[in-house]
2 protein chains.
Amino acid sequence: MLNRVRSAVAHLVSSGGAPPPRPKSPDLPNAPSAQTAAPPEAPRSPPARAGSSAPAKTVEARASFSRPTFLQLSPGGLRRADDHAGRAVQSPPDTGRRLPWSTGYAEVINAGKSRHNEDQACCEVVYVEGRKSVSGVPREPSQGQKEVTHESLVVGAIENAFQFMDEQMARERRGHQVEGGCCALVVVYLLGKVYVANAGDSRAIIVRNGEIIPMSREFTPETERQRLQLLGFLKPELLGGEFTHLEFPRRIQPKELGQRMLYRDQNMTGWAYKKIELEDLRFPLVCGEGKKARVMATIGVTRGLGDHNLKVCSSTLPIKPFLSCFPEVRVYDLTQYEHCPDDVLVLGTDGLWDVTSDCEVAATVDRVLSAYEPNDASRYTALAQALVLGARGIPRDRGWRLPNNKLGSGDDISVFVIPLGGPGSYS
Amino acid sequence: MLNRVRSAVAHLVSSGGAPPPRPKSPDLPNAPSAQTAAPPEAPRSPPARAGSSAPAKTVEARASFSRPTFLQLSPGGLRRADDHAGRAVQSPPDTGRRLPWSTGYAEVINAGKSRHNEDQACCEVVYVEGRKSVSGVPREPSQGQKEVTHESLVVGAIENAFQFMDEQMARERRGHQVEGGCCALVVVYLLGKVYVANAGDSRAIIVRNGEIIPMSREFTPETERQRLQLLGFLKPELLGGEFTHLEFPRRIQPKELGQRMLYRDQNMTGWAYKKIELEDLRFPLVCGEGKKARVMATIGVTRGLGDHNLKVCSSTLPIKPFLSCFPEVRVYDLTQYEHCPDDVLVLGTDGLWDVTSDCEVAATVDRVLSAYEPNDASRYTALAQALVLGARGIPRDRGWRLPNNKLGSGDDISVFVIPLGGPGSYS
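This structure is a prediction, so every number in the text was calculated from the model and none was measured.

**Student:** Before we go on, may I ask you to explain the overall build of chain A in this structure?
**Tutor:** Secondary structure assignment for chain A yields 8 helices and 19 strands. With 427 residues in all, chain A has 55% of them scored as buried. Restricting the contact set of chain A to residue pairs at least 6 apart, pairs at least 24 apart contribute 70%. By element, 51% of the accessible surface of chain A is carried by carbon and sulfur atoms, the whole surface being about 18600 Å².

Below you can see the structure in the form of structure tokens.
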């Protein structure tokens, strides 16, 4: 995934081929293609989560699970990281090279729900060189041409990277019988702005001076109900006569035919009444609540990569048309605020968020960072570890339990903590 | 339209027929159907705007244009209100009965772009009686049933009212050759909450202690690009081989075939590059910017009622599939804030907003209301008049001009000012 994003951004800033329409935005003095002598950009691209569906059958090394190279795990370390009973929290070694910006990272394997840790993470600084030839000089008049900002080009490059990645997985499935799919959460830093792209149920938040700024939203059958219903309404063949695109507050029984029932369709956010007809007795496209919400009684996440071959349970209906590979991209302008060393961007997979609220994360940020000197570069790793430990809990009473005795997460958990005003440099 | 909304809300609170699923929300003690002795509810429903398309051919009195009855216009007054040269601002007379809550209202006819003032407004208190029989006693267990709040039932009733109104206009068109369509902005007050439903290019804002709270958003080819593109993508027959669902920053010339060009599709918020293919030379489904943005080179507003027969310019392609009749409904809970007499909800048709920003409206609210005693019920009418006058301007240099010498609005202009903490009572 990182390769795709890197390639898309590199392609963007060094774009060759026919001259693109020249952006006419006045706020483009920093467009990289106009700055061959500019400091190198640093897209950084943390984690992708795998595991929304069945574990992949790996027929090629590239499709196999592995721990991030920056963990520098020895064979013995790898075995400990894979131990579902011990669930040791893993972080990059203190002695090695730090991640860019002194970014903190920690992860832990699941409690046994799957053999491998299906969370995958990476973090890199990449250099791309701008080419003057493309848009250094205007080639054509900008009249009658829509404004295209530099920011919207980066967003488009990231969106396309997700799409190309999805198509690549479709090709690899056909060629090598690789199955499965994953969610993805990607952060790119470029020219003063942080781009957070999310497709799935991972989450990113900024904690700034104690305030929580959501940088992503989850894509679930509930949050995406109207998109899914619209698709089912416009393409009823995707429902195969087995499902109805309407939502009802509960399953309708055949004896209720002709009676009135509350419903919502693709256009509605509220509920209204309708008379129950025969096709309302079909199973609803979207049903269930919270963690139990499902599309076609099968999947609980509505965006992600892969899963091209996934079928509705006990049916031949394909799920993929309802699964979108497109991320929502949110942009955060680092230059609009004077950040302090305690301001961080926290990325976590669903293992973290299943048992931890945004507020609890913010409280942990405050508690852990205040225990370290502001210039101690190890504080962000300590914070990532604290977040993972807080979500995993400790083994007690035949389970992993939190201090309040509730169950901790039995899922894989991965956390990045990126300092926004820390000891690192952004350029 | 008001009749439809009133009927939908009345239907909701006095709902007969089969027992609906009982909402299990704990915050429903005020559900009106459970309170036959409750004070009467007061849905109030200000204005609907007409005129996004050609003037209606009126073959029935019900489809003709008329000024609001609360203006109490004499035949002479009606002639003055219709005078495109004088453009006298109209308000309810000081001597008559005030609108509910001492709501202020003012309107002015256009500068000659159409014969009639096509803005239509009404404002009413209606009483609906709850029936104990429906949901006073739970009829079935609430297990496995989705939570349905009272608020979501009101929202659904309003959404359905818009849909039913649109269907009614389709029937009247067939029966009586009535053509045309309109945007609609509706406000309903019920049980402590204000519901603002908008389909089109009118706008509602709350000005509270000087702060601006948007209560609607405009629906234009630009704000609805992705919805329109998705429909064109999933139903290409609606584009008739004449349009492409892709957006480009400018028109592509045939000689550019095979070159690279920026584009956006229904999934993208950013721009990316593609190689120009033959079908990219078609006219874009969405094109133009700002007030000049159009769907299929024809309409500039993407939500509204009616227009069932509207065709693409110089074509037989229907526009209606892209025009949605569904409003966005925003809810404002009046009980969550202690409102003062200077806090108001301002509703305006596009004639106001074309030349007036939210901030300018907020400044006028402050300026006018501070010149009146807080308990002077005429202050809200004075404010509505000031807003209409400020958007109309005065005749000078062969046009209607604002103090800064820019052109005022030549459109019909209608404004409601609803006090949120004024001398009226909400119950």
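**Student:** Before we go on, may I ask you to explain the pattern of salt bridges in this structure?
**Tutor:** Pairing between side chains of opposite charge can happen when the charged atoms of each approach one another. A full pass over the atoms with the stated rule returns 40 salt bridges over all chains. Of the charged contacts in the structure, one is a salt bridge between E277 of chain A and K274 of chain A, with a shortest N-O distance of 3.1 Å. With a shortest N-O distance of 2.5 Å, D280 of chain A and K274 of chain A are connected by a salt bridge. Across this residue pair, the class does not change: D280 of chain A and K274 of chain A are buried. Bridged by salt links that share partners, the residues K146 of chain A together with E222, R225, E247 and R264 of chain B form one connected network.

**Student:** Whenever I open this one, the side chain of E256 of chain A confuses me. Can you help?
**Tutor:** Residues and elements named next belong to chain A. Mapped onto the elements of the fold, E256 is located in the loop between β8 (243-244) and β9 (260-263). According to the relative accessible area criterion, E256 is buried, its value standing at 9%. One polar contact links E256 to R250, side chain to side chain, over a distance of 2.7 Å. Not counting the four nearest positions on each side in its chain, E256 is found in contact with R250, R251, M261 and I276.

**Student:** Any chance you could explain the packing of aromatic side chains here in plain terms?
**Tutor:** For any pair of aromatic rings, the description consists of the separation of the ring centres together with the inter-plane angle of the planes. What the rule picks out here adds up to 10 aromatic pairs over all chains. Centre to centre, the rings of F243 of chain B and F283 of chain B are 6.0 Å apart; their planes meet at 90°, and the pair counts as edge-to-face. Taken together, the positions of F243 of chain B in strand β8 (residues 243-244) and F283 of chain B in strand β11 (residues 283-284) put the pair 40 residues apart, joining distant regions of the chain. Joined through ring pairs, the aromatic side chains of F70, Y105 and F416 of chain A make up one cluster. Between the NZ or CZ atom of R260 of chain A and the centre of the ring of Y273 of chain A, over which it lies, the distance is 4.3 Å.

**Student:** Help me understand the sheet that holds strand β7 (residues 211-214) of chain B in this model?
**Tutor:** Strand-to-strand pairing in sheets goes through backbone hydrogen bonds, with the strands running parallel or antiparallel. Residues and elements named next belong to chain B. Ordered by their spatial adjacency, 5 strands build an open sheet running β2-β19-β16-β6-β7, and the pairing between neighbours is antiparallel. Strand pairing shows two members of the sheet lacking a second neighbour, β2 (104-108) and β7, which therefore form its edges. Put simply, the sheet's adjacent strands are angled 20° from each other on average, direction ignored. Note: strand β6 (residues 203-208) against β7, 4 bridges, orientation antiparallel. Its bridge partner being in β7, I205 is matched across the sheet by P214.

**Student:** Looking at this structure, how should I read the sheet that holds strand β16 (residues 344-348) of chain A?
**Tutor:** All names here are of chain A. With respect to topology, 5 strands assemble into an open sheet ordered β2-β19-β16-β6-β7, the strand pairing being antiparallel. Strand pairing shows two members of the sheet lacking a second neighbour, β2 (104-108) and β7 (211-214), which therefore form its edges. For this sheet, the mean inter-axis angle between neighbouring strands, taken without regard to orientation, is 20°. Sheet contacts for helix α7 (residues 358-369): β6 (203-208), β7 and β16; angle to β6, the most-contacted strand, approximately 50°.

Reading guide: rules and limits
- Residues numbered from 1 in each chain as written.
- Chains lettered and ligands numbered in written order.
- Predicted model: local features only at pLDDT ≥ 70, side-chain atom pairs only at ≥ 80, totals over all residues.
- Heavy atoms only, no water.
- Helix = DSSP H or I, 4+ residues; strand = E, 2+ residues; numbered from the N terminus.
- Buried < 20%, exposed > 50% of the residue type's maximum accessible area, 1.4 Å probe, protein only.
- Contact = heavy atoms within 4.5 Å.
- Areas by Shrake-Rupley, 256 points an atom, 1.4 Å probe, with all protein chains shown as cover.
- Salt bridge = Lys/Arg side-chain N within 4 Å of Asp/Glu carboxyl O.
- Polar contact = N/O pair within 3.5 Å; in protein donor to acceptor, adjacent residues only side chain to side chain.
- Phe/Tyr/Trp six-rings, centres within 6.5 Å; stacked < 30°, edge-to-face > 60°.
- Lys NZ or Arg CZ within 6 Å of the ring centre and 35° of its normal.
- Pairing = 2+ DSSP bridges.
- Axes fitted to C-alpha atoms, helices over the stretch in contact; angles between N-to-C directions.

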